[in-house]
Amino acid sequence: MHSAFLALVGLSFFRSASSQFSPGFPYGSEKVRGVNLGGWLVLEPWITPSIFDNTGNPNIVDEWTFGQYYDRATATTVLQNHWNTWITQNDFANIAAAGLNHVRLPIGYWAFEVGSGEPYIQGQLPYLQNAVQWASQYGLKLIVDLHGAPGSQNGRVLILSWYDNSGQRMSSPTWQSNQTNIDRTDAIIKQIASMFAGQADVVPIIAPLNEPAGYYGSSVLTPLRQYYYDSYGNIRYPYGTSTQSNIVVLLHDAFQPLSYWSGFEAPPNFQGVAMDTHIYQVFSNADVQMSWQSHINTACGTQSTLSNFDLWLMVGEWSPAITDCATYLNGRGNGARYDGSFPGSTYVGSCTGLTGSASTFSSSYKTFLRQFWEAQVISYEKSNGWLMWAWKTESADEWSYLAGLQNGWIPWSPTNLQYPTICG
């Protein structure tokens, strides 16, 4: 309960919190500029479609079914090879060379604890530790993001895109409906907080839950708000005493308007809390029907909302992609709204030349990607900063920060803008 949390931390916190808290990055004064290491320690079919295609089994659609239906020894070998090669020390060197200061690392609960009957394959934690070491070596700040929770915290969205990024693709979330799921998640957050309590200079943020499905209403939001209170205690007070850590708690907005969270865990009663919002323009029929200029205008139109919030605020996921054409983006076996191959969608255009290898992209499309990238960066820096999704993809270059660097629609310094007045 909230009251129990207050009793736990004690009134001394309220008298001295502001003087004690010293985050590992100056979030109020410097902009977060970063990238997500998507598809590494949590598999996503659209980021690495070959891993799923090579199984030869169309029923393998996420990391749960990868462990459930694939030969165990083969699956383990494939995962270990993937963990060893998808993100390496060289990637961290390139991320730093690109002028970025943060990486967000999604990880699933199953890296820490697998319950009876759960088919997940473990072995991710040494790579988490590698990532922290590499971040330290290259002067990067690493956000540990719990991307999947027991029972799945998002299931699928109401617009019929399946979520496979929580590890288990389901018709609806069940995390919130079973207290055991929440208790297990609390225990994992305590474990993460304990691992990094003294390393706020490298791991300045823990995000206790990615994209919980707040659009299901109070059935999710009520337990979620309590979980967020508990996560504050678990992350900011990891020592079992009144001693605080300097790690920031990054809360996802659960797809609610920022106004919903106004005043939630705000100073002076709470310190070191930030809000994470994710902005995409590809996951509805209306989104993919927009003109290129409308996509830019929409990005620019976020500025007033992002510039007026009572917590540190960052856009923790976004992309220059304007279609859902990337293979398996809507889930393995599902098509795209843009070309009408997704159920309930209407044909907008061909996906040819809009996804896949940048070698197929026209010069005008690459110019647009640069303009759209800049419009978003300019707009999202009205908040405390941004982290683009994702650093790399196997075959969807429009989503890849690395491909953008290599092909010219992302500058090697994120402040080197060609269209600084694109938003007016």
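Keep in mind that what you see is a predicted model, and the values were worked out from it rather than measured.

K.L.:
Whenever I open this one, the pattern of salt bridges confuses me. Can you help?
P.N.:
Oppositely charged side chains are able to pair whenever their charged atoms sit close together. As enumerated under the stated definition, the model contains 9 salt bridges in all. As a salt-bridge pair, D145 and R104 come within 3.3 Å of each other at their nearest N and O atoms. Linking D145 in strand β3 (residues 141–148) with R104 in strand β2 (residues 102–108), this pair joins segments that are 41 residues apart in sequence.

K.L.:
How do you make sense of helix α6 (residues 89–97) when you look at a structure like this?
P.N.:
Given 3.6 residues per helical turn, the α-helix brings residues three or four places apart onto the same face. Looking only at α6, the buried set comprises D91, F92 and I95. The arc enclosing the buried residues of α6, seen along the axis, measures out at 100 degrees, which places them on a common side. Looking at the buried side of α6, the elements it contacts are β1 (32–36), β2, α7 (125–137) and β3. Among the residues trailing α6, G99 stands out with phi positive, at a value near 80 degrees.

K.L.:
So what exactly am I meant to see when it comes to the state of the cysteines here?
P.N.:
Cysteine pairs can be linked by a disulfide, which is a covalent bond between their two sulfur atoms. What the rule picks out here adds up to 2 disulfides. The disulfide partner of C300 is C423, and the gap between their sulfur atoms is 2.0 Å. With the S-S dihedral at roughly -80 degrees, the linkage between C300 and C423 falls on the left-handed side. Of this pair, C300 sits in helix α11 (residues 292–300) while C423 sits in the segment after α14 (401–407), and the two are 123 residues apart along the sequence. Accessibility expressed as a relative area gives 16% for C300, which makes it buried. Among the residues examined, C423 registers a relative accessible area of 25% and is labelled partly exposed. Here C325 connects covalently by a disulfide to C351, the sulfurs 2.0 Å from one another. When the S-S torsion is -75 degrees, as for the bridge of C325 with C351, the disulfide is left-handed.

K.L.:
Is there a simple way to explain α7 in this structure?
P.N.:
If you check α7, its first and last C-alpha atoms are 18 Å apart, about what 13 residues at 1.5 Å a residue would give, namely 18 Å. Taken residue by residue, α7 has Y127, L128, A131, V132, W134 and A135 as its buried positions. Within α7, the buried residues cover an arc of 165 degrees as seen down the axis, which keeps them to one side. Against α5 (72–85), α6, β2, β3 and α8 (179–196) lie the buried residues of α7.

K.L.:
Help me out: how do you make sense of the pairing of β2 in this one?
P.N.:
A regular strand places its side chains so that they alternate between the two faces of the sheet. Of all the 7 residues making up β2, 7 are buried; the element is thus mostly covered by neighbouring parts of the structure. Here β2 shows no split at all, with H102, R104, P106 and G108 on one side and V103, L105 and I107 on the other all buried. Note: β1 against β2, 3 bridges, orientation parallel. Within β2, the residue paired with G34 across the bridge is H102. In terms of strand pairing, β2 meets β3 through 7 bridges, oriented parallel. Directly across from V103, in β3, lies its bridge partner L142. With α7 bridging β2 and its parallel neighbour β3, the resulting β-α-β unit is right-handed.

K.L.:
Sorry if this is basic, but what is going on with unusual backbone geometry here?
P.N.:
Generally, phi is negative for residues other than glycine and the peptide bonds are trans, each holding for most cases. Backbone torsion omega between P267 and P268 reads 5 degrees, so that peptide bond is classified as cis. Residue placement: P268 occurs in the loop between β5 (248–252) and β6 (273–279). In the segment running from W389 into A390, the intervening peptide bond is cis, with an omega of 10 degrees. When you line up the elements, A390 lands in the loop between β8 (385–388) and α14. Even without being a glycine, E211 presents a positive backbone phi close to 50 degrees.

K.L.:
How should I be thinking about the packing of α8 against helix α9 (residues 218–236) in this particular structure?
P.N.:
Between two packed helices, both the angle of their axes relative to each other and the distance between the axes serve to describe the pair. Viewed as axis vectors pointing N to C, α8 and α9 meet at an angle of 25 degrees, and their least axial separation amounts to 9 Å. By the angle between their axes, α8 is roughly parallel relative to α9. Where α8 crosses over α9, the handedness of that crossing is right-handed. Note on element contacts: α9 touches α8 through P223, Y227, D230, N234 and I235, opposite I182, T185, D186, I189, K190 and A193. For the contact of α8 with α9, the per-class residue count stands at 6 nonpolar, 2 polar and 3 charged.

K.L.:
Would you take a moment to explain the nonpolar core for this structure?
P.N.:
What tends to happen in soluble globular proteins is that the nonpolar side chains get buried as a cluster. Core analysis: the biggest nonpolar cluster contains 119 residues, and W40, F92 and Y401 have the highest contact counts within it. With 8 residues, helix α13 (residues 363–380) is the single largest residue contributor to this core. Residues F25, I205, M314 and L387 belong to the second largest nonpolar core, which totals 12 residues.

K.L.:
Mind showing me how you'd approach the pairing of β8 here?
P.N.:
The side-chain alternation of β8 yields two buried faces, one formed by G385 and L387 and the other by W386 and M388. Where β1 meets β8, 4 bridges bridge the pair, whose relative direction is parallel. Its bridge partner being in β8, V32 is matched across the sheet by G385.

K.L.:
When you look at the packing of aromatic side chains in this model, what are you seeing that I'm missing?
P.N.:
Counted according to the given criterion, the structure contains 37 aromatic pairs. Between the aromatic rings of Y27 and W312, the centroid separation amounts to 5.6 Å while the plane-to-plane angle is 45 degrees, which identifies the pairing as tilted. Of this pair, Y27 sits in the loop between α2 (11–20) and β1 while W312 sits in strand β7 (residues 312–318); the two residues are 285 residues apart in sequence, bridging distant segments of the chain. On the basis of relative accessibility, which here comes to 23%, the residue W312 falls in the partly exposed class. Taking 5.6 Å as the distance between ring centres and 80 degrees as the angle between the ring planes, the aromatic pair formed by W318 and W386 counts as edge-to-face.

K.L.:
How should the side chain of N36 be read in this particular structure?
P.N.:
Looking at the secondary structure, you find N36 in strand β1. There is a polar contact of 2.7 Å between the side chain of N36 and the side chain of R104. Those residues in contact with N36, other than ones at most four positions away along the chain, are R104, G316, E317, L387, M388, W389, A390 and W391.

Calculation rules
- Residues numbered from 1 in each chain as written.
- Predicted model: local features only at pLDDT ≥ 70, side-chain atom pairs only at ≥ 80, totals over all residues.
- Heavy atoms only, no water.
- Salt bridge = Lys/Arg side-chain N within 4 Å of Asp/Glu carboxyl O.
- Helix = DSSP H or I, 4+ residues; strand = E, 2+ residues; numbered from the N terminus.
- Buried < 20%, exposed > 50% of the residue type's maximum accessible area, 1.4 Å probe, protein only.
- Arc of directions from axis to C-beta.
- Contact = heavy atoms within 4.5 Å.
- Disulfide = S-S within 2.5 Å.
- Expected span 1.5 Å × (residues − 1).
- Pairing = 2+ DSSP bridges.
- Right-handed = clockwise from strand over helix to strand, strands pointing away.
- Axes fitted to C-alpha atoms, helices over the stretch in contact; angles between N-to-C directions.
- Parallel < 35°, antiparallel > 145°, perpendicular 65-115°, else oblique.
- Left-handed = near helix turned anticlockwise from the far one by under 90°.
- Nonpolar A, V, L, I, M, F, W, Y, C, P; charged D, E, K, R; others polar.
- Core = buried A, V, L, I, M, F, W, Y, C linked by side-chain atoms within 4.5 Å.
- Phe/Tyr/Trp six-rings, centres within 6.5 Å; stacked < 30°, edge-to-face > 60°.
- Polar contact = N/O pair within 3.5 Å; in protein donor to acceptor, adjacent residues only side chain to side chain.

So yeah, pure geometry; function would need other evidence.
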